[in-house]
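# Summary of the model geometry
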Amino acid sequence: MTAAAELVFTTATEADVPALVALVESAYRGEASRAGWTTEADLLDGQRTDPQGVLETLRDPSGLVLTAGRPGAAEPLLACCHLRHRPAADGPGAVYFGMFAVRPTAQGGGIGAAVLAHAEHTARTTWAAARMEMQVISARADLIAWYERRGYTRTGERTPFPYGDERFGIPRRPGLEFELLVKPLRWAPPRPRAGRSPPRPGPAPAPAPGPRRC
């Protein structure tokens with residue numbers, strides 16, 4: 001059985017904040033992140049997130065944070081991601097995918113692909129989302145290629161990195177920017193219980209602000 005097949009998915013709570021911060025930092029910042037291939041250590045110093053930022057994300061009613069792990073293991077939390085619904089006035093809208101992290105020593109075994117697939121399924125069944133959106137640093141050609149192999153498309157829509165805002169890190173080079181990637185999603189209703197019809201998605205709530213990087 002692969003590591004990905006053993007994953008247990010849960011929805012994070014405020015009690016998970018310290019573990020989530022440690023996981024995200026370990027996947028992207030510092031020398032320890034170089035044990036995996038998702039590191040941004042050559043591009044950014046400083047922090048990737050902080051307890052306040054994660055707490056605000058968890059308290060956002062328009063989304064949720066998924067965790068993946070193996071309960072009872074020495075390192076039970078292996079991965080996480082944030083999903084944030086962005087409704088549209090004329091339909092179900094999109095779900096923004098962010099704060100994606102896999103423990104560096106667990107990368108390369110299919111865990112990231114399993115988490116992404118589960119996130120897409122959650123976006124379809126929870127919000128009947130029409131598409132998934134994310135922002136990726138455009139200099140991360142290897143990471144963008146990984147998403148392209150899983151059906152994501154580069155839009156060419158770019159946003160400058162927030163230089164001077166150390167909540168997002170301290171750039172080690174000029175010209176960093178994010179590119180928007182998108183993937184259409186086909187809604188898959190949850191399997192109904194015997195004698196019950198599948199639920200229909202409810203009315204879309206008021207529009208939320210544009211995509212952000214978590």
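Keep in mind that this is a model prediction, so the values were computed, not measured.

## What about the overall build of the chain?
The secondary structure content of the chain amounts to four helices and nine strands. A burial count over the chain gives 46% of its 214 residues as buried. When contacts within the chain are restricted to residue pairs at least 6 apart in sequence, long-range pairs at least 24 apart make up 67% of them. Just so you have it, the chain exposes about 10,900 Å², and 54% of that area is on carbon and sulfur atoms.

## Some points on helix α3 (residues 111–127)
Taking 1.5 Å of rise per residue, the 17 residues of α3 would be expected to cover 24 Å, and the 24 Å separating its terminal C-alpha atoms lies within 8% of that figure. The set of residues buried in α3 consists of Ile 111, Gly 112, Val 115, Leu 116, Ala 119, Glu 120, Thr 122, Ala 123, Arg 124 and Trp 127. One or two residues past the end of α3 sits Ala 128, with phi positive at roughly 55 degrees.

## Examining the sheet that holds strand β4 (residues 77–88)
One open sheet holds the seven strands; their spatial order is β1-β3-β4-β5-β6-β9-β7, and the pairing between them is mixed. With partners counted over all chains shown, the strands left at the sheet margins are β1 (8–11) and β7 (153–160), one partner each. Averaged over all pairs of adjacent strands, the angle between strand axes in this sheet comes to 30 degrees, irrespective of strand direction. Taken together, the three bridges between strand β5 (residues 91–102) and strand β6 (residues 131–137) define a ladder with parallel strand orientation. The residue of β6 that forms the bridge with Ala 94 is Arg 131. Across the sheet, helix α4 (residues 141–148) lies against β5, β6, β7 and β9 (177–184), angled at about 165 degrees from β6, the strand it touches most.

## Some points on the environment of Ser 138
For Ser 138, the position within the fold is in the loop between β6 and α4. Ser 138 sits 38 residues away from Leu 176 along the chain, and the two C-alpha atoms are 7.4 Å apart. Apart from the residues lying within four places of it in its own chain, the contact partners of Ser 138 are Ile 144, Arg 154, Arg 158, Glu 177, Phe 178 and Glu 179.

## Points about the side chain of Arg 84
One can find Arg 84 in strand β4. Its relative accessible area of 4% is what places Arg 84 among the buried residues. A polar contact is formed between the side chain of Arg 84 and the side chain of Asp 60, at a distance of 3.4 Å.

## Here we look at the pattern of salt bridges
Using the criterion set out here, one finds 16 salt bridges in the structure. As a salt-bridge pair, Asp 45 and Arg 172 come within 3.7 Å of each other at their nearest N and O atoms. Separated by 127 residues along the polypeptide, Asp 45 in strand β2 (residues 44–45) and Arg 172 in the loop between β8 (170–171) and β9 bring together distant segments of the chain. Of the residues examined, Arg 172 reaches a relative accessible area of 47% and is grouped as partly exposed. Between Arg 154 and Glu 179 there is a salt bridge whose closest N-O contact spans 2.7 Å. Of this pair, Arg 154 sits in strand β7 while Glu 179 sits in strand β9, placing them 25 residues apart in sequence.

Definitions and cut-offs
Residues numbered from 1 in each chain as written. Predicted model: local features only at pLDDT ≥ 70, side-chain atom pairs only at ≥ 80, totals over all residues. Heavy atoms only, no water. Helix = DSSP H or I, 4+ residues; strand = E, 2+ residues; numbered from the N terminus. Buried < 20%, exposed > 50% of the residue type's maximum accessible area, 1.4 Å probe, protein only. Contact = heavy atoms within 4.5 Å. Areas by Shrake-Rupley, 256 points an atom, 1.4 Å probe, with all protein chains shown as cover. Expected span 1.5 Å × (residues − 1). Pairing = 2+ DSSP bridges. Axes fitted to C-alpha atoms, helices over the stretch in contact; angles between N-to-C directions. Polar contact = N/O pair within 3.5 Å; in protein donor to acceptor, adjacent residues only side chain to side chain. Salt bridge = Lys/Arg side-chain N within 4 Å of Asp/Glu carboxyl O.

Such coordinate-based values are descriptive only and should not be taken to indicate function.
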